[in-house]
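Observations on the model geometry
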Amino acid sequence: MASSNITVSTLTLTMAELGPLNPLPVVGSELEEPYSVGEGVPEELQAATRYGVVPNVYPYLMQDGYSRAAAPRELTAVVLENSKLKATVLPSMGGRIWELFDKATGKQLLHTHAAPEIANIALRKAWFAGGLEWNIGTRGHSPTSCDPLHTAIVHTADGKHILRMWEYERLREVVFQVDIWLPADSEVLLAAVRIRNPNDHDVPMYWWSNAAIPETDRTRVIAPAEEAFGSDYATDITRVTPTNHEGYDGTWLVNSPHAADFFFDIDPSERRWAVAADDDGDGLAMLSTDLLRGKKLFVWGQGAGGKRWQEWLSPGAGPYAEIQAGLARTQFEHLAMPAGSQWCWVEAYGNGSLDPGISHGKDWQAAVAHAGERLETLMPREELESLLPAAIRDADVPPSTMVRIGSGWGALERARRRRAGRSWVAESGTPFVLESLTAEQEPWLGLLNGQAFDGAPSFVAGADWEGLLAGQESPEAHYHLATMRHARQDLEGATEEYRRVLESNGARPATIALARRGLALALLATGSEQDGLAELRTAVRTDPSNTWLLTEAATLALRHGNPAMALELTGSAPTEGAAVGRLMFLKATALARSGRAAEAAAILRAGVEIPDLREGEDAIAALWEEVCAGEPVPAAYQFGMH
């Protein structure tokens, strides 16, 4: 079946730049523990929530150098268009499908807008709301959320024109690719996803395709299940009935009083789908072949915090919710992906075009039956499943035209595996070209080739890297070896290597500061608070230009009950840059903890804006209530999720 036209263009969005990467390696136990499991949750699901949990996203660096100073940015956009649909994809921003326009109704099926704000929502912090995104690795928005992907246009022998995007995912050491195409006159956009595990061991795997959908007063989400596994960011995961949840029908987006997840418990024999329907019955239909089992509804809720978050992320663009599709039943689980295996599936997206007289009726079973029949017309189950074999074959068709190059980590990984005699993926369809290698990878490539290691701005993980570094004597080699051990929670081994850096001659001041920081984190993790904070103070003095180090030190000083140290550190804080808002808030907190509530209140009343405010973080509101007692919390400070 011939495909529609694909054109490469640009799209201008008003948004902040990502800014520089945070140079502090993520070595601690940074990620939240899985939600506790409550009543009605099967044992196999409970076991899956315990499997594959990682302490952090090392070797990735955090992306928190952004501000909220938005300006027009011209982004590469790839447009797939036929007589029914127009899809716009942003390869440089995680490969996100940014728009899916239905020509018959004139409606955008995805929540999209011209001025997205970057915020701290993803595993590496930087994330933006809208469109349809691809999430891999572990629970949360993907490490590649805001990264460019390798991107190409592929022409197949049977006439398909495919937009292909791929990358090497460093946390799980796998290669993923997304092939998107739009057949001529098709009512659905198609996406084939392939994940390949080149390792000689099982890998805990996670995948969720997340679609942001417009929320109206009459939008309802339907999926073929009576029950779901629910969470509300405050209580245990439990089995719930979405249509009768805490006294309301949660399938209507505006009914939820607070943020909530509903993971529909779809019977394995049922087709996997979810669909949103507005007052006219229009809205995004999300269908997939059977491997992609999970389907989810997420709402921000109607509370002040949920509304504030949506305005924070999408100023003036209106409210939105999300429907999502994943490998597991819930996002709290990982599945074991066997050694040397590949997983493939096909997804389809279009307008569900339901009859609102049925979809919006009181009879849930009738609404489900009607939606299922309509989606069977939109894209029959057998037809969608029949696309899978061809999609697997097409996945290895070489690119016809490269659109852009992604990171150099895949090319480096290929070199590492070849040196070690380990297996790697066939690259015919997903080449990791040498031109992708940059200053991030070059020191590591040199180490593979027997050169002396004199430091790198990036980090790597793996036993063979540790072995190579162990044969080096530079302070930088000891530092990187320390971070690898620290990241996998070998605190004793990490401490030994950090001390070797500090005892060596010729280490750069920046390296000494980072080694002291690492040693401080190890000491704090083992209960040596005084020594740990002392090392942090010395680290900041060693490299006073490192704002990330200053911010972390002040945060940890407060966390470990030393507001005087936090005040000392924030007293020399910069007055410009992305970290100013966070540092002002830390100063206000330190003042409050030092009995100087009036000074803290003055800072809050003057206005504090924290670009990297974490999802659900309600600390500003809590501090306001403490130091401005009796005064209502300003709407701008209300970010609570519950």
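Everything discussed here concerns the structure shown above.
A brief report on the enclosed structure follows.

The rules behind these values
- Residues numbered from 1 in each chain as written.
- Predicted model: local features only at pLDDT ≥ 70, side-chain atom pairs only at ≥ 80, totals over all residues.
- Heavy atoms only, no water.
- Helix = DSSP H or I, 4+ residues; strand = E, 2+ residues; numbered from the N terminus.
- Rg over C-alpha atoms; globule rule 2.2 N^0.38 Å.
- Buried < 20%, exposed > 50% of the residue type's maximum accessible area, 1.4 Å probe, protein only.
- Contact = heavy atoms within 4.5 Å.
- Areas by Shrake-Rupley, 256 points an atom, 1.4 Å probe, with all protein chains shown as cover.
- Lys, Arg positive; Asp, Glu negative; His and termini not counted.
- Charge placed at Lys NZ, Arg CZ, Asp CG, Glu CD.
- Pairing = 2+ DSSP bridges.
- Core = buried A, V, L, I, M, F, W, Y, C linked by side-chain atoms within 4.5 Å.
- Salt bridge = Lys/Arg side-chain N within 4 Å of Asp/Glu carboxyl O.
- Expected span 1.5 Å × (residues − 1).
- Axes fitted to C-alpha atoms, helices over the stretch in contact; angles between N-to-C directions.
- Parallel < 35°, antiparallel > 145°, perpendicular 65-115°, else oblique.
- Nonpolar A, V, L, I, M, F, W, Y, C, P; charged D, E, K, R; others polar.
- Phe/Tyr/Trp six-rings, centres within 6.5 Å; stacked < 30°, edge-to-face > 60°.
- Lys NZ or Arg CZ within 6 Å of the ring centre and 35° of its normal.
- Left-handed = near helix turned anticlockwise from the far one by under 90°.
- Polar contact = N/O pair within 3.5 Å; in protein donor to acceptor, adjacent residues only side chain to side chain.

In terms of regular secondary structure, the chain is built from 17 helices and 25 strands. A compact globule built from 642 residues should have a C-alpha radius of gyration of about 26 Å, and the chain, at 25 Å, falls within 12% of that. The 642 residues of the chain split such that 59% are buried. Across the chain, every contact between residues at least 6 apart in sequence was considered, and the portion connecting residues at least 24 apart equals 70%. Carbon and sulfur atoms make up 50% of the accessible area of the chain, which totals about 23,400 Å². Across the chain, the mean location of the 55 positive side-chain charges is 3 Å away from that of the 85 negative side-chain charges.

Within a regular beta strand, the side chains point alternately toward one face of the sheet and then the other, so they alternate between its two faces. Of all the 7 residues making up strand β22 (residues 320–326), 7 are buried; the element is thus mostly covered by neighbouring parts of the structure. Neither face of β22 is left uncovered, since the one carrying Tyr320, Glu322, Gln324 and Gly326 and the one carrying Ala321, Ile323 and Ala325 both have all their residues buried. The pairing of strand β14 (residues 207–214) with β22 spans 7 bridges and is classified as antiparallel. Counted as the bridge partner of Trp208 is Gly326 from β22. One ladder, built from 5 bridges, connects strand β21 (residues 294–299) with β22; its direction is antiparallel. What sits directly across from Phe298, in β22, is Glu322.

Core analysis: the biggest nonpolar cluster contains 94 residues, and Trp309, Leu313, Trp444, Trp465 and Leu604 have the highest contact counts within it. Top element by residues in this core is helix α11 (residues 509–525). It accounts for 8 residues. Not counting chain neighbours up to four residues away, the residues in contact with Trp465 comprise Leu412, Arg416, Trp444, Leu447, Leu448, Val460 and Met484. Counting 57 residues, the second largest nonpolar core, distinct from the first, contains Val174, Ala223, Phe262 and Met286.

What follows concerns the side chain of His258. Here His258 shows up in the loop between β17 (238–240) and β18 (260–264). Sequence-distant contacts of His258, that is, excluding residues within four places in its chain, are made with Asp232, Glu246, Tyr248, Val299, Trp300, Gly301, Gln302, Met641 and His642.

Tallying each qualifying case throughout the model produces 45 salt bridges. A salt bridge links Lys107 to Asp278, with the shortest nitrogen-to-oxygen separation between them at 2.9 Å. One end of the pair, Lys107, is in strand β5 (residues 107–108); the other, Asp278, is in the loop between β19 (272–277) and β20 (284–288), and 171 residues separate them in sequence. Beyond isolated ion pairs, a larger network of salt bridges with shared partners links Glu173, Glu413, Arg416, Arg417, Arg422 and Asp464.

For helix α15 (residues 580–593), which comprises 14 residues, the first-to-last C-alpha distance of 20 Å matches the rise-based estimate of 20 Å (1.5 Å per residue) to within 8%. Among the 14 residues that make up α15, 10 are buried, leaving the element largely enclosed by the rest of the structure. When α15 is considered as a whole, its buried residues turn out to be Gly581, Arg582, Leu583, Phe585, Leu586, Ala588, Thr589, Ala590, Leu591 and Ala592. Among the structural elements, α13 (547–559), α14 (563–570), α16 (597–606) and α17 (619–627) are those in contact with the buried residues of α15.

The next point concerns the packing of helix α6 (residues 409–420) against helix α8 (residues 463–470). Two numbers describe how α6 lies on α8: the axes approach to 11 Å, and their chain directions differ by 75°. In terms of their interaxial angle, α6 and α8 are classed as roughly perpendicular. Across the interface between the two elements, Leu412, Arg416, Arg419 and Ala420 of α6 pack against Asp464, Trp465 and Leu468 of α8. Grouping the amino acids of the contact of α6 with α8 by side-chain chemistry returns 4 nonpolar, no polar and 3 charged.

Below, the discussion takes up the sheet that holds strand β24 (residues 342–351). One open sheet holds the 9 strands; their spatial order is β15-β19-β20-β24-β12-β11-β10-β9-β25, and the pairing between them is antiparallel. Strands at the two margins of the open sheet, each flanked by one partner only, are β15 (220–222) and β25 (401–404). For this sheet the average axis-to-axis angle between neighbouring strands, irrespective of direction, equals 20°. Pairing of strand β11 (residues 174–181) with strand β12 (residues 188–196) involves 7 bridges; the strand directions are antiparallel. Within β12, the position partnered with Gln177 by the bridge is Arg194. Strand contacts of helix α5 (residues 381–394): β10 (161–169), β11, β12, β19, β20 and β24, with the helix running at about 130° to β24, the strand carrying the most contacts.

A separate point is the packing of aromatic side chains. Counted under the stated rule, the structure contains 19 aromatic pairs. Ring centres 5.1 Å apart and planes at 70° place the aromatic pair Trp309 and Phe639 in the edge-to-face group. Linking Trp309 in helix α2 (residues 304–313) with Phe639 in the segment after α17, this pair joins segments that are 330 residues apart in sequence. Residue classification places Phe639 among the buried positions, given a relative accessible area of 2%. One aromatic cluster is present, built from ring pairs that chain together Phe298, Trp300, Trp309, Trp312, Tyr320 and Phe639. Sitting over the ring of Phe128, Arg96 keeps its end group 3.8 Å from the ring centre.

So, about the packing of α13 against α14. Between α13 and α14, the least distance of the axes is 7 Å, while the angle of their chain directions is 160°. One element, α13, and the other, α14, form an angle in the roughly antiparallel class. For the crossing formed where α13 meets α14, the hand is left-handed. Every residue of α14 that contacts α13 at Leu550, Ala553, Ala554, Ala557 and Leu558 is listed here: Pro563, Met565, Ala566, Leu569 and Thr570.

This next bit is on the side chain of Thr49. When you line up the elements, Thr49 lands in helix α1 (residues 43–50). For Thr49, a relative accessible area of 4% corresponds to the buried category. Reaching out from Thr49, the side chain makes a polar contact with the backbone oxygen of Gln46 at a distance of 2.5 Å.

It is worth spelling out unusual backbone geometry at this point. Each neighbour pair has its own omega, and for Tyr58 with Pro59 the value is 15°, a cis peptide bond. Looking at the secondary structure, you find Pro59 in the loop between α1 and β2 (71–81). Its identity is not glycine, yet Lys125 carries a phi of approximately 85°, on the positive side. Secondary-structure assignment places Lys125 in strand β7 (residues 125–127). Given the relative accessible area of 21%, Lys125 is considered partly exposed. At Glu173, a position not held by glycine, the phi torsion is positive, near 60°. Summarising the element assignment, Glu173 is placed in the loop between β10 and β11.

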